[in-house]
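Here is what each chain is made of, one letter per residue.
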Amino acid sequence: MTTPEGQPEAVGNGYVPDEVEWEPVAHEQSPLTPVFDEITRQRTAEIMARYPQSRSALLPLLHLVQSVEGYVSQDGIRYCAEVLELTTAEVSAVATFYTMYKRTPCGEHLVSVCTNTLCAALGGDAIYDRLRTKLGVGHEETAGEPGTPGSITLEHAECLAACDLAPVVQVNYEYFDNQTVEKAEALVDALQRGERPLPTRGAPLTDLRTVELELAGIFPDLVGAVAGNSAAPQTLRGAQLAADRGWVAPAMPDTPPALPDLPEKSR
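Read on for a plain summary of the structure. (Residues numbered from 1 in each chain as written. Predicted model: local features only at pLDDT ≥ 70, side-chain atom pairs only at ≥ 80, totals over all residues. Heavy atoms only, no water.)

A look at the environment of His-139
Along the polypeptide, His-139 turns up in the loop between helix 5 (117-135) and strand 2 (141-143). For His-139, a relative accessible area of 35% corresponds to the partly exposed category. Along the sequence, His-139 and Leu-154 sit 15 residues apart, while their C-alpha atoms lie 5.9 Å from each other. Excluding residues that lie within four positions of it along the chain, His-139 makes contacts with Tyr-128, Leu-154, Glu-155 and His-156. (Helix = DSSP H or I, 4+ residues; strand = E, 2+ residues; numbered from the N terminus. Buried < 20%, exposed > 50% of the residue type's maximum accessible area, 1.4 Å probe, protein only. Contact = heavy atoms within 4.5 Å.)

Some thoughts on the pattern of salt bridges
In total, this model carries 14 salt bridges according to the counting rule given. The salt bridge involving Asp-129 is made with Arg-132; its shortest N-O contact spans 3.2 Å. With Asp-129 and Arg-132 both in helix 5 and 3 residues apart, this pair spans about one turn of that helix. Its relative accessible area of 36% is what places Asp-129 among the partly exposed residues. Residue Arg-132 is classed as partly exposed on the basis of its relative accessible area, which comes to 37%. (Salt bridge = Lys/Arg side-chain N within 4 Å of Asp/Glu carboxyl O.)

Observations regarding the environment of Arg-78
Residue position: Arg-78 is located in helix 3 (residues 74-84). As a C-alpha pair, Arg-78 and Ala-89 span 11 residues in sequence and 9.5 Å in three-dimensional space.

Observations concerning the packing of aromatic side chains
Tallied over the full model, the rule gives 3 aromatic pairs. Ring geometry for Phe-36 against Tyr-79: centres 4.7 Å apart, planes inclined by 25 degrees, an arrangement best described as stacked. You can see Phe-36 sitting in the segment before helix 1 (38-48) and its partner Tyr-79 sitting in helix 3, a full 43 residues away along the chain. Residue classification places Phe-36 among the buried residues on the basis of a relative accessible area of 0%. Here Phe-97 and Tyr-98 contribute two aromatic rings whose centre-to-centre distance is 4.9 Å and whose plane-to-plane angle is 85 degrees, an arrangement assigned as edge-to-face. (Phe/Tyr/Trp six-rings, centres within 6.5 Å; stacked < 30°, edge-to-face > 60°.)

The values are spatial; any link to function lies outside them.
What follows is the structure in C-alpha coordinates.
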(Lines give C-alpha, C1' and ligand atoms only; values in the text may rest on other atoms or scores of the structure.)
Protein backbone atom coordinates (compact mmCIF):
# COMPACT_ATOMS: atom_id res chain seq x y z
CA MET A 1 0.00 0.00 0.00
CA THR A 2 1.11 3.62 -0.33
CA THR A 3 1.17 6.59 1.99
CA PRO A 4 -0.73 9.79 1.14
CA GLU A 5 2.54 11.13 -0.30
CA GLY A 6 2.65 8.30 -2.82
CA GLN A 7 5.54 6.41 -1.19
CA PRO A 8 5.43 2.69 -0.41
CA GLU A 9 4.37 2.07 3.18
CA ALA A 10 6.96 0.41 5.42
CA VAL A 11 5.86 -2.30 7.82
CA GLY A 12 7.88 -3.37 10.83
CA ASN A 13 11.69 -3.28 10.47
CA GLY A 14 11.73 -1.24 7.30
CA TYR A 15 10.13 -4.06 5.30
CA VAL A 16 8.24 -2.78 2.27
CA PRO A 17 5.56 -5.16 0.98
CA ASP A 18 4.71 -5.53 -2.67
CA GLU A 19 2.20 -2.96 -3.86
CA VAL A 20 -1.30 -4.36 -4.29
CA GLU A 21 -3.26 -3.07 -7.24
CA TRP A 22 -7.02 -3.45 -6.94
CA GLU A 23 -9.08 -3.93 -10.04
CA PRO A 24 -12.22 -1.76 -9.91
CA VAL A 25 -15.43 -3.75 -10.08
CA ALA A 26 -18.25 -2.10 -12.01
CA HIS A 27 -21.70 -3.20 -10.88
CA GLU A 28 -24.53 -2.81 -13.32
CA GLN A 29 -27.38 -0.75 -11.98
CA SER A 30 -30.24 -3.09 -11.18
CA PRO A 31 -33.34 -2.33 -13.22
CA LEU A 32 -36.32 -0.67 -11.63
CA THR A 33 -38.74 -3.41 -10.70
CA PRO A 34 -41.78 -3.48 -13.02
CA VAL A 35 -44.18 -3.08 -10.07
CA PHE A 36 -43.17 0.59 -9.93
CA ASP A 37 -44.92 1.72 -13.06
CA GLU A 38 -44.88 4.99 -14.97
CA ILE A 39 -47.35 6.75 -12.68
CA THR A 40 -45.23 5.79 -9.66
CA ARG A 41 -42.16 7.22 -11.37
CA GLN A 42 -44.07 10.42 -12.17
CA ARG A 43 -45.12 10.71 -8.54
CA THR A 44 -41.52 10.04 -7.53
CA ALA A 45 -40.32 12.95 -9.65
CA GLU A 46 -43.04 15.19 -8.21
CA ILE A 47 -42.01 14.35 -4.64
CA MET A 48 -38.30 14.77 -5.30
CA ALA A 49 -38.89 18.19 -6.88
CA ARG A 50 -40.11 19.48 -3.50
CA TYR A 51 -36.67 19.19 -1.91
CA PRO A 52 -33.43 21.11 -2.57
CA GLN A 53 -31.51 17.86 -2.11
CA SER A 54 -33.04 14.73 -3.56
CA ARG A 55 -32.01 12.50 -0.64
CA SER A 56 -34.38 14.50 1.60
CA ALA A 57 -37.26 12.84 -0.26
CA LEU A 58 -36.45 9.41 1.17
CA LEU A 59 -39.15 9.35 3.86
CA PRO A 60 -42.07 10.19 1.54
CA LEU A 61 -40.69 7.88 -1.14
CA LEU A 62 -40.71 4.98 1.30
CA HIS A 63 -44.39 5.73 1.93
CA LEU A 64 -44.90 5.87 -1.85
CA VAL A 65 -43.45 2.42 -2.47
CA GLN A 66 -45.44 1.14 0.50
CA SER A 67 -48.60 2.45 -1.15
CA VAL A 68 -47.78 0.34 -4.21
CA GLU A 69 -46.75 -2.93 -2.57
CA GLY A 70 -48.35 -2.72 0.85
CA TYR A 71 -44.94 -2.83 2.52
CA VAL A 72 -41.34 -1.83 1.89
CA SER A 73 -39.81 -4.72 -0.02
CA GLN A 74 -36.22 -5.19 -1.13
CA ASP A 75 -37.37 -3.99 -4.56
CA GLY A 76 -38.75 -0.88 -2.87
CA ILE A 77 -35.48 -0.25 -1.08
CA ARG A 78 -33.57 -0.73 -4.33
CA TYR A 79 -35.95 1.62 -6.15
CA CYS A 80 -35.49 4.41 -3.59
CA ALA A 81 -31.72 3.92 -3.63
CA GLU A 82 -31.54 4.18 -7.40
CA VAL A 83 -33.71 7.26 -7.88
CA LEU A 84 -32.08 9.10 -4.96
CA GLU A 85 -28.54 7.92 -5.74
CA LEU A 86 -28.12 6.37 -2.31
CA THR A 87 -26.85 2.97 -1.30
CA THR A 88 -29.33 0.26 -0.39
CA ALA A 89 -27.67 0.18 3.05
CA GLU A 90 -28.56 3.85 3.61
CA VAL A 91 -32.18 3.26 2.59
CA SER A 92 -32.43 0.08 4.67
CA ALA A 93 -31.13 1.93 7.73
CA VAL A 94 -34.05 4.37 7.49
CA ALA A 95 -36.68 1.79 6.55
CA THR A 96 -35.81 -0.38 9.55
CA PHE A 97 -35.61 2.54 12.01
CA TYR A 98 -39.17 3.85 11.70
CA THR A 99 -42.03 1.54 12.69
CA MET A 100 -44.42 3.00 10.10
CA TYR A 101 -42.41 1.28 7.38
CA LYS A 102 -43.45 -2.36 7.34
CA ARG A 103 -41.07 -5.05 6.11
CA THR A 104 -43.71 -7.72 5.53
CA PRO A 105 -46.90 -7.42 3.44
CA CYS A 106 -49.79 -5.75 5.30
CA GLY A 107 -53.50 -6.29 5.18
CA GLU A 108 -56.10 -3.96 3.75
CA HIS A 109 -56.25 -2.35 7.18
CA LEU A 110 -53.65 -1.75 9.88
CA VAL A 111 -55.14 -1.91 13.39
CA SER A 112 -52.91 -0.32 16.02
CA VAL A 113 -53.73 -0.78 19.71
CA CYS A 114 -52.06 1.61 22.14
CA THR A 115 -50.47 -0.34 25.00
CA ASN A 116 -48.50 2.48 26.57
CA THR A 117 -48.93 3.13 30.29
CA LEU A 118 -52.23 5.01 30.49
CA CYS A 119 -53.99 3.11 27.71
CA ALA A 120 -52.72 -0.19 29.11
CA ALA A 121 -54.01 0.62 32.58
CA LEU A 122 -57.42 1.62 31.21
CA GLY A 123 -57.86 -1.48 29.07
CA GLY A 124 -55.42 -1.30 26.16
CA ASP A 125 -53.69 -4.54 27.11
CA ALA A 126 -57.04 -6.33 27.37
CA ILE A 127 -58.09 -4.97 23.96
CA TYR A 128 -54.87 -6.13 22.33
CA ASP A 129 -55.11 -9.58 23.93
CA ARG A 130 -58.70 -10.02 22.74
CA LEU A 131 -57.92 -8.93 19.17
CA ARG A 132 -54.81 -11.10 19.07
CA THR A 133 -56.85 -14.13 20.13
CA LYS A 134 -59.75 -13.27 17.82
CA LEU A 135 -57.57 -12.80 14.75
CA GLY A 136 -55.11 -15.54 15.61
CA VAL A 137 -52.11 -13.33 14.96
CA GLY A 138 -49.37 -11.53 16.87
CA HIS A 139 -47.64 -8.20 16.56
CA GLU A 140 -47.32 -7.05 12.92
CA GLU A 141 -48.92 -10.26 11.66
CA THR A 142 -51.83 -10.36 9.22
CA ALA A 143 -55.16 -12.14 9.45
CA GLY A 144 -56.19 -13.08 5.93
CA GLU A 145 -54.30 -12.79 2.68
CA PRO A 146 -52.29 -9.55 2.76
CA GLY A 147 -53.85 -6.83 0.62
CA THR A 148 -57.16 -8.61 0.09
CA PRO A 149 -60.49 -7.12 1.24
CA GLY A 150 -61.07 -7.60 4.93
CA SER A 151 -57.49 -8.57 5.75
CA ILE A 152 -56.12 -6.99 8.93
CA THR A 153 -52.60 -6.45 10.21
CA LEU A 154 -52.51 -6.11 14.00
CA GLU A 155 -49.89 -4.25 16.00
CA HIS A 156 -49.45 -2.88 19.50
CA ALA A 157 -48.23 0.70 19.58
CA GLU A 158 -46.20 2.33 22.33
CA CYS A 159 -48.06 5.65 22.21
CA LEU A 160 -50.75 7.08 19.96
CA ALA A 161 -50.69 10.54 21.58
CA ALA A 162 -54.29 10.50 22.82
CA CYS A 163 -54.01 9.93 26.57
CA ASP A 164 -57.05 12.16 27.18
CA LEU A 165 -59.17 9.68 25.22
CA ALA A 166 -57.60 6.43 26.41
CA PRO A 167 -57.74 3.64 25.58
CA VAL A 168 -57.44 4.31 21.87
CA VAL A 169 -57.20 2.21 18.73
CA GLN A 170 -56.17 3.40 15.28
CA VAL A 171 -57.22 1.96 11.94
CA ASN A 172 -54.88 3.11 9.18
CA TYR A 173 -53.77 5.88 11.57
CA GLU A 174 -57.30 7.24 12.11
CA TYR A 175 -58.53 7.42 15.71
CA PHE A 176 -61.17 5.37 17.46
CA ASP A 177 -61.28 6.82 20.97
CA ASN A 178 -62.55 5.61 24.34
CA GLN A 179 -62.46 1.99 23.29
CA THR A 180 -63.52 -1.09 25.20
CA VAL A 181 -62.83 -4.73 24.44
CA GLU A 182 -66.35 -5.05 23.02
CA LYS A 183 -66.09 -1.88 20.88
CA ALA A 184 -62.74 -2.92 19.47
CA GLU A 185 -63.99 -6.39 18.65
CA ALA A 186 -67.04 -4.95 16.87
CA LEU A 187 -64.74 -2.59 14.96
CA VAL A 188 -62.62 -5.47 13.69
CA ASP A 189 -65.75 -7.45 12.77
CA ALA A 190 -66.96 -4.52 10.66
CA LEU A 191 -63.60 -4.21 8.89
CA GLN A 192 -63.62 -7.90 8.05
CA ARG A 193 -67.13 -7.56 6.59
CA GLY A 194 -65.85 -4.84 4.26
CA GLU A 195 -67.38 -1.94 6.18
CA ARG A 196 -65.52 1.26 7.00
CA PRO A 197 -66.75 2.68 10.32
CA LEU A 198 -66.44 6.41 10.83
CA PRO A 199 -63.46 7.32 13.03
CA THR A 200 -63.99 9.38 16.18
CA ARG A 201 -61.77 12.11 14.72
CA GLY A 202 -60.05 12.71 11.42
CA ALA A 203 -60.75 11.76 7.84
CA PRO A 204 -63.23 9.10 6.71
CA LEU A 205 -61.70 5.65 6.78
CA THR A 206 -59.95 4.36 3.65
CA ASP A 207 -57.52 1.48 3.15
CA LEU A 208 -53.89 1.42 4.24
CA ARG A 209 -52.43 1.85 0.75
CA THR A 210 -54.44 5.01 0.15
CA VAL A 211 -53.24 6.41 3.46
CA GLU A 212 -49.65 5.58 2.54
CA LEU A 213 -50.08 7.52 -0.69
CA GLU A 214 -51.35 10.49 1.31
CA LEU A 215 -48.40 10.20 3.71
CA ALA A 216 -46.18 10.43 0.63
CA GLY A 217 -47.83 13.77 -0.16
CA ILE A 218 -50.12 12.61 -2.96
CA PHE A 219 -53.83 13.24 -2.32
CA PRO A 220 -56.28 11.64 -4.74
CA ASP A 221 -59.14 13.17 -2.69
CA LEU A 222 -57.86 16.14 -0.72
CA VAL A 223 -61.33 17.32 0.31
CA GLY A 224 -62.17 13.93 1.78
CA ALA A 225 -58.75 13.61 3.41
CA VAL A 226 -59.29 16.72 5.52
CA ALA A 227 -62.94 16.08 6.32
CA GLY A 228 -64.05 15.27 9.84
CA ASN A 229 -63.40 16.67 13.28
CA SER A 230 -59.74 17.07 14.13
CA ALA A 231 -60.08 17.52 17.89
CA ALA A 232 -62.26 16.14 20.67
CA PRO A 233 -63.91 18.21 23.45
CA GLN A 234 -61.60 16.57 26.01
CA THR A 235 -58.56 17.81 24.12
CA LEU A 236 -59.86 21.38 23.99
CA ARG A 237 -61.12 21.46 27.59
CA GLY A 238 -58.15 23.42 28.93
CA ALA A 239 -58.36 26.03 26.19
CA GLN A 240 -62.12 26.36 26.79
CA LEU A 241 -61.64 26.86 30.53
CA ALA A 242 -59.04 29.55 29.87
CA ALA A 243 -61.40 31.36 27.50
CA ASP A 244 -64.35 31.13 29.92
CA ARG A 245 -62.33 32.42 32.88
CA GLY A 246 -60.27 35.01 31.06
CA TRP A 247 -56.96 33.30 31.67
CA VAL A 248 -54.14 34.54 29.48
CA ALA A 249 -50.46 33.75 29.28
CA PRO A 250 -48.03 36.42 30.54
CA ALA A 251 -46.88 38.82 27.86
CA MET A 252 -43.41 38.40 26.45
CA PRO A 253 -40.98 40.93 27.96
CA ASP A 254 -39.62 43.66 25.72
CA THR A 255 -36.11 42.59 26.66
CA PRO A 256 -35.36 38.92 27.22
CA PRO A 257 -33.88 38.08 30.62
CA ALA A 258 -30.14 37.63 30.85
CA LEU A 259 -28.89 34.10 30.62
CA PRO A 260 -27.18 32.73 33.73
CA ASP A 261 -23.42 32.60 33.74
CA LEU A 262 -21.91 29.36 32.60
CA PRO A 263 -20.11 27.38 35.30
CA GLU A 264 -16.36 27.30 35.06
CA LYS A 265 -14.94 24.17 33.53
CA SER A 266 -13.30 21.87 36.00
CA ARG A 267 -9.70 21.06 35.28
